[in-house]
Amino acid sequence: MSIRHGLLALLERGPRYGSQLRTEFESRTGSTWPLNVGQVYTTLNRLERDGMVAQGGEDTAGHTLYTITDSGRAELRTWFEKPVDRTSPARDELAIKLAMAVGAPGVDIRNVIQSQRRHTVKAMQDYTRLKAQALLAVEGGGARERDDVAWLLVLEQLIFQTEAEARWLDHCESRLIRLSATAATAGTEASAGPSSPSAPAASGAPTASAAPNVPTAPRT
């Protein structure tokens with residue numbers, strides 16, 4: 001998530017001070033990615049160092065105001081026009097967890113998947129309720145309509161994301177069941193030995209295939 005560009009987008013609407021930027025950022029995104037004032041001022045200092053914002057005096061309460069520069073506007077236009085890079089995806093904790101759970105001693109990966117699925121479905125339900133509230137706010141209009149529309153878009157992205165995660169978890173469980181069944185079949189065939197006594201195994205050759213280390217299918 002680019003706090004840097006988010007702050008530039010807010011500053012393009014006019015001069016702002018640090019805590020005001022934090023409040024407006026969280027209002028626009030529904031506090032999905034909360035900021036602290038320290039993050040805001042650290043980012044502003046870097047933007048000022050890079051010539052993208054400048055201090056522009058103070059308001060009546062003595063807050064230092066920041067304004068966007070021409071260089072900052074150019075950076076913001078480039079950000080809006082350039083697609084988000086997906087060639088180097090961010091690390092996904094759930095994907096890493098499942099990858100490490102495969103074959104881990106004492107870990108039942110089915111339990112890991114089922115626990116995560118319950119959490120994901122609960123999150124999806126919560127997001128759906130919030131979406132209904134956001135729709136009512138948008139339809140009602142008012143001074144916050146722009147922020148309500150922005151929050152609605154963020155919520156819908158979260159809903160699509162959790163729906164995709166739930167489908168992926170279903171796929172993972174099905175994949176593991178199929179692999180487990182394949183491993184069990186291979187183990188049964190290997191334990192039966194050669195079907196013809198006239199064709200003994202060559203000296204030194206393995207007489208059975210090692211079953212892959214995957215969890216067994218759940219009993220029905």
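Residues numbered from 1 in each chain as written. Predicted model: local features only at pLDDT ≥ 70, side-chain atom pairs only at ≥ 80, totals over all residues. Heavy atoms only, no water.

### Here we look at the overall build of the chain
Then, number 1: Across its full length, the chain carries seven helices and two strands.
Then, number 2: In sequence order, the chain lays out its α and β elements as α-α-α-β-β-α-α-α-α.
Then, number 3: A buried classification covers 29% of the 220 residues belonging to the chain.
Then, number 4: Of the contacts formed within the chain by residues at least 6 apart in sequence, a portion of 57% connects residues at least 24 apart.
Then, number 5: A total accessible area of about 14300 Å² is found for the chain, and carbon and sulfur atoms account for 54% of it. (Helix = DSSP H or I, 4+ residues; strand = E, 2+ residues; numbered from the N terminus. Buried < 20%, exposed > 50% of the residue type's maximum accessible area, 1.4 Å probe, protein only. Contact = heavy atoms within 4.5 Å. Areas by Shrake-Rupley, 256 points an atom, 1.4 Å probe, with all protein chains shown as cover.)

### Quick word on the packing of helix H5 (residues 93–101) against helix H6 (residues 109–140)
Then, number 1: Closest axis-to-axis distance for the H5/H6 pair is 9 Å, and the angle between their directions is 160°. As the angle between them shows, H5 and H6 are arranged roughly antiparallel. At the point where H5 passes H6, the crossing takes the left-handed sense. Between H5 and H6, the contacting residues are Leu94, Lys97, Leu98 and Ala101 on the first element and Ile109, Val112, Ile113 and Gln116 on the second.
Then, number 2: Counted by class, the contact of H5 with H6 contains six nonpolar, one polar and one charged residues. (Axes fitted to C-alpha atoms, helices over the stretch in contact; angles between N-to-C directions. Parallel < 35°, antiparallel > 145°, perpendicular 65-115°, else oblique. Left-handed = near helix turned anticlockwise from the far one by under 90°. Nonpolar A, V, L, I, M, F, W, Y, C, P; charged D, E, K, R; others polar.)

### A word on the environment of Leu169
Then, number 1: As for its position among the elements, Leu169 is in helix H7 (residues 145–192).
Then, number 2: Sequence separation between Leu169 and Arg117 is 52 residues, and the spatial gap between their C-alpha atoms is 6.7 Å.
Then, number 3: Contact partners of Leu169, with chain neighbours within four places excluded, come to Leu94, Leu98, Ile113, Gln116, Arg117 and Thr120.

### Side note on the nonpolar core
Then, number 1: By size, the foremost hydrophobic cluster in this structure holds 16 residues, and its most contacted members are Leu7, Leu8, Leu11, Leu21, Val40, Leu44 and Val53.
Then, number 2: In terms of residues, this core owes the most to one element, helix H1 (residues 3–11), which gives five residues.
Then, number 3: Aside from chain neighbours lying at most four places away, what touches Leu11 is Arg16, Leu21, Leu44, Val53, Tyr66 and Ile68.
Then, number 4: Membership of the second largest hydrophobic core comes to eight residues, among which are Leu94, Leu169, Cys172 and Leu176. (Core = buried A, V, L, I, M, F, W, Y, C linked by side-chain atoms within 4.5 Å.)

### What to know about helix H2 (residues 18–29)
Then, number 1: Given a rise of 1.5 Å per residue, 12 residues ought to cover 16 Å, and the 17 Å separating the end C-alpha atoms of H2 matches this to within 8%.
Then, number 2: Every buried residue belonging to H2 is among Gly18, Leu21, Glu24, Phe25, Glu26, Ser27 and Thr29, and all of these are buried.
Then, number 3: Taken from the residues just after H2, Gly30 is the one with a positive phi, measuring 65°. (Expected span 1.5 Å × (residues − 1).)

### What about the pattern of salt bridges?
Then, number 1: This structure, assessed with the given rule, holds 12 salt bridges.
Then, number 2: Between Asp126 and Lys122 there is a salt bridge, with the nearest N and O atoms lying 2.9 Å from each other. Pair noted here: Asp126 and Lys122 are both in helix H6, with a separation of four residues, about one helical turn.
Then, number 3: On the basis of relative accessibility, which here comes to 24%, the residue Asp126 falls in the partly exposed class.
Then, number 4: With a shortest N-O distance of 2.2 Å, Arg129 and Asp126 are connected by a salt bridge. Highlighted residues: Arg129 and Asp126, both in helix H6, separated by three residues, approximately one helical turn. (Salt bridge = Lys/Arg side-chain N within 4 Å of Asp/Glu carboxyl O.)

### Concerning H1
Then, number 1: By the criterion of burial, H1 is predominantly enclosed, with seven of the nine residues buried.
Then, number 2: Residues Ile3, His5, Gly6, Leu7, Leu8, Leu10 and Leu11 constitute the buried set of H1.
Then, number 3: Tucked inside the fold, the buried residues of H1 contact H2, helix H3 (37–49), strand S1 (53–58), strand S2 (64–68) and helix H4 (70–81).

### A look at the pairing of S1
Then, number 1: Of the strand pairs in this sheet, S1 and S2 are connected by four bridges, and their pairing is antiparallel. Paired with Ala54 across the two strands is Thr67, which belongs to S2.
Then, number 2: Turn length for the S1-S2 hairpin, with the two strands adjacent in sequence and antiparallel, is five residues, and the turn residue Gly62 shows positive phi of about 90°. (Pairing = 2+ DSSP bridges.)

### Looking at the environment of Ala150
Then, number 1: Along the polypeptide, Ala150 turns up in helix H7.
Then, number 2: The class of Ala150 is buried, set by a relative accessible area of 17%.
Then, number 3: It is 6.5 Å that separates the C-alpha atoms of Ala150 and Thr29, two residues lying 121 residues apart in sequence.

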